Amino acid sequence: MCMTHAMTAQDSLLDPKDAFTDPLHHKTYLIDGQLKAWNGAMAQVYSPIRTLVNGVEKPVLLGSAPELKEQQGLEALAAARKAYDNGRGAWPTMPAADRIAAMEKFVDRMVEQREVVVKLLMWEICKRKKDAVKEFTRTVDYLRETIVEYKKLHREGSHIHNVEGTLAQIRRGPLGVVLCLGPFNYPLNETFCVLLPAILMGNTAVFKPAKYGVLLITPLLEAFRDCFPPGVINIVFGRGRELAAPIMKSGHVDVLALIGNSKSSNALINHHPKPNRVRQVLGLEAKNPAIILPDADLDLAVNQCVSGAWSFNGQRCTALKVIYVHKYVRAEFLEKFAAATDRLRAGLPFADSDITPLPEVGKVEAMQAYVDEAVEMGAKVINAKGGETAGAIFFPAILFPVSRAAAIFREEQFGPVCPVIEFEDIEEVMADIAESDYGQQASVFSQNPEAMGKVIDQLVNQVCRVNLNASCQRGPDALPFTGRKDSAVATLSVRAALRSFSIRTLVACSEGRKDMLEGVVSGRHSTFSSMDYLL
């Protein structure tokens, strides 16, 4: 198979702006408003992209990042605790307008770093250029929409309610110190879509970037330092076991915000001495099914399944990870699905390739292991190019028929291998989904409203989003994004994220004693009990 996976001096597909010439050896981290220098061990950061030097492939060294230790993690936690000060700190008690101003300033500073962050998204995790640009743009849009939504919440809290003779002003208040751990596949978008709403609500945070996609955070450190008061956001680099575990063991984390794996989240929660006191905001793994009914528009279904299963190499929690197809249309669907998959272009992210190198070390071998086991149990690789490799590229493999005993049927593969299951009775599919450990989304393909309606009614109590004649997806960001079982805890969207990182708090008095409340409000003696109206 001919797939370009190594850069050459003659590569004309690389825009000069996207070239990576000098390694970025980053040696600072952010604690208590200071960028501190690190003189200890450094983690080397290599790109999945390789370059040809005198005919020999060599990995591209992108730079290095600090490998901080427990001491630095606990220092970051202490800074966040001091800034929160049990809810009495300057940030959690700050007027909403001032917190908004800080966030707007940060977003403007973030936009200034667009070019370098996009370039690092391509080199660090091999996200193709248009998707890297989209991730950056979508993140900026999300943050601006979050500010608009926060103003709405604040306006709602400016009203005083009279309920059975009790006057009450209800607002949403912060929860405390947040430990935020981001994912590698959307290291900017999914991280900032939890971290910054948490901050805007008045919480303080310790943030550790993912192992892959770590350098792209570094151009933003100065903006974090300059836009927020000391200790509000503390950013540390290193291994989760060295940093996150001791932070949780301290018992001083109020919110765990993690986008990743349920095993990791469970382990961290178990480290906390009082786990019932920890609010969890988790986006975890999924095993989203596509269901192809016998009356489906197969061309549409194939198009959506190609996009749903293989976009960013299937490295998305919203990816389609198992496809159920009715026996009457199975042969035709597989033929079209295999042909459409084999038309995808594999190569480097700069060339806008459909399939790019996998950033995780050992991922190619892990995908091959799924294929080998399924084949041993009777499956075949349906598409001609399926499973072919070139460096860190693994070309998508479609497996059929797949045993329910195979790991690829039960586990989230998070990569370019997709099992296909034939069914005759829809109850077979529903039984599998009910027994699955996951319940994020599902896609259903049909042209029959009656058949679609029956499937909808069964799926809505198993997953949290049913997509009609479309692949699974997160957006638009105003819609709730969550999951059942091991797929999520709490709900994320522009509005829901603000609610997830806050709690309803009220000030109340009897109607006969309203003079005190009126005096506090009219005298502007409280930022909470005020009727300021943010426009």
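Placed above this text is the structure.
Remember, predicted model here, so these are calculated numbers, not experimental data. (Residues numbered from 1 in each chain as written. Predicted model: local features only at pLDDT ≥ 70, side-chain atom pairs only at ≥ 80, totals over all residues. Heavy atoms only, no water.)

*Asks:* What am I meant to see in the sheet that holds strand 7 (residues 160-163) here?
*Replies:* Backbone hydrogen bonds hold the strands of a sheet together, and the pairing may be parallel or antiparallel. As summarised here, the arrangement of the three strands in space is 7-8-26, forming an open sheet in which the pairing is antiparallel. For this open sheet the edge positions go to strand 7 and strand 26 (502-510), each flanked by a neighbour on one side alone. With direction set aside, neighbouring strand axes in the sheet form an average angle of 35°. Across nine bridges, the pairing between strand 8 (residues 166-174) and strand 26 is antiparallel. Bridge pairing in strand 26 places Ile170 opposite Leu506. Contacting strand 7, strand 8 and strand 26, helix 16 (residues 514-522) runs over the sheet at an angle of about 125° to strand 26. (Pairing = 2+ DSSP bridges. Helix = DSSP H or I, 4+ residues; strand = E, 2+ residues; numbered from the N terminus. Axes fitted to C-alpha atoms, helices over the stretch in contact; angles between N-to-C directions. Contact = heavy atoms within 4.5 Å.)

*Asks:* What exactly am I supposed to notice about helix 5 (residues 189-200) here?
*Replies:* Each α-helix turn comprises 3.6 residues. Residues three or four places apart therefore point the same way. The end-to-end C-alpha distance of helix 5 is 16 Å, a good match for the 16 Å that 12 residues give at a rise of 1.5 Å each. In terms of burial, helix 5 is a largely internal element, 12 of the 12 residues being buried. All of the buried residues along helix 5 are Asn189, Glu190, Thr191, Phe192, Cys193, Val194, Leu195, Leu196, Pro197, Ala198, Ile199 and Leu200. Remark: Gly202 follows helix 5 within two positions and exhibits a positive phi of approximately 105°. (Expected span 1.5 Å × (residues − 1). Buried < 20%, exposed > 50% of the residue type's maximum accessible area, 1.4 Å probe, protein only.)

*Asks:* Looking at this model, I keep getting lost on the sheet that holds strand 20 (residues 417-423). Mind explaining?
*Replies:* Strand order in the open sheet made by the seven strands is 16-19-20-15-14-22-23, with mixed pairing throughout. Looking at the sheet topology across the chains shown, the edges are occupied by strand 16 (380-381) and strand 23 (465-468). Taken together, the three bridges between strand 14 (residues 288-292) and strand 22 (residues 441-445) define a ladder with parallel strand orientation. Paired with Ala290 across the two strands is Ser443, which belongs to strand 22. Sitting on the sheet, helix 10 (residues 330-342) touches strand 14, strand 15 (320-326), strand 19 (397-400) and strand 20, and the angle it makes with strand 19 is about 165°. Against the sheet, helix 11 (residues 363-376) contacts strand 16, strand 19 and strand 20, and its axis sits at roughly 20° relative to strand 19.

*Asks:* Quick question: what am I supposed to make of the pattern of salt bridges here?
*Replies:* Oppositely charged side chains are able to pair whenever their charged atoms sit close together. Throughout the structure, instances matching the rule amount to 24 salt bridges. Residue Arg144 is joined to Asp108 by a salt bridge in which the shortest nitrogen-to-oxygen separation is 3.7 Å. Taken as a pair, Arg144 in helix 4 (residues 129-156) and Asp108 in helix 2 (residues 96-111) lie far apart in primary sequence, 36 residues in all. Measuring nitrogen to oxygen at the nearest pair gives 3.6 Å for the salt bridge that ties Lys454 to Glu450. Placement of the pair is Lys454 and Glu450 together in helix 14 (residues 449-459), with a separation of four residues, close to one helical turn. Judged by relative accessible area, which is 53%, Lys454 ranks as exposed. Classification of Glu450 as exposed rests on a relative accessible area of 54%. Salt bridges sharing partners connect three or more residues here, namely Arg109, Glu112, Arg225 and Asp226. (Salt bridge = Lys/Arg side-chain N within 4 Å of Asp/Glu carboxyl O.)

*Asks:* Would you mind showing me how to read helix 10 here?
*Replies:* Taking 1.5 Å as the rise per residue, helix 10 with 13 residues should run 18 Å; its terminal C-alpha atoms sit 18 Å apart, in good agreement. Of the residues making up helix 10, those classed as buried are Phe333, Leu334, Phe337, Ala338, Ala340, Thr341 and Asp342. For helix 10, the secondary structure elements touched by its buried residues are strand 14, helix 9 (298-310), strand 15, strand 19 and strand 20.

*Asks:* Just checking my understanding: could you explain empty space enclosed by the protein for this structure?
*Replies:* Throughout the structure, instances matching the rule amount to three cavities of 30 Å³ or more. Here the largest cavity is characterised by a volume of approximately 90 Å³. Taken together, 16 residues form the lining of the largest cavity, with Leu282, Gly283, Phe481, Ala488 and Leu492 sitting closest to its centre. Class assignment for the residues of the lining of the largest cavity results in eight nonpolar, six polar and two charged. Every residue along the wall of the second largest cavity is listed here: Cys126, Lys127, Arg128, Asp131, Phe312, Ser353, Asp354 and Thr356. Broken down by class, the residue content of the lining of the second largest cavity amounts to two nonpolar, two polar and four charged. (1 Å grid on protein atoms, 1.4 Å probe; cavity = no way out; pocket = protein on both sides within 12 Å on 5 of 7 lines; lining within 4 Å. Points joined across faces, edges and corners; volume = space filled by probe spheres on them. Nonpolar A, V, L, I, M, F, W, Y, C, P; charged D, E, K, R; others polar.)

*Asks:* In this structure, what is going on with the layout of surface pockets? I would like to understand it.
*Replies:* Its volume calculated, the second largest pocket comes out at about 710 Å³. Contributing to the lining of the second largest pocket are 27 residues, with Asp131, Lys134, Tyr186, Ser311 and Arg316 lying nearest its centre. Looking at the lining of the second largest pocket, the elements that each hand over two or more residues are helix 4, helix 5 and helix 9. No other element matches helix 9, which puts five residues into the lining of the second largest pocket.

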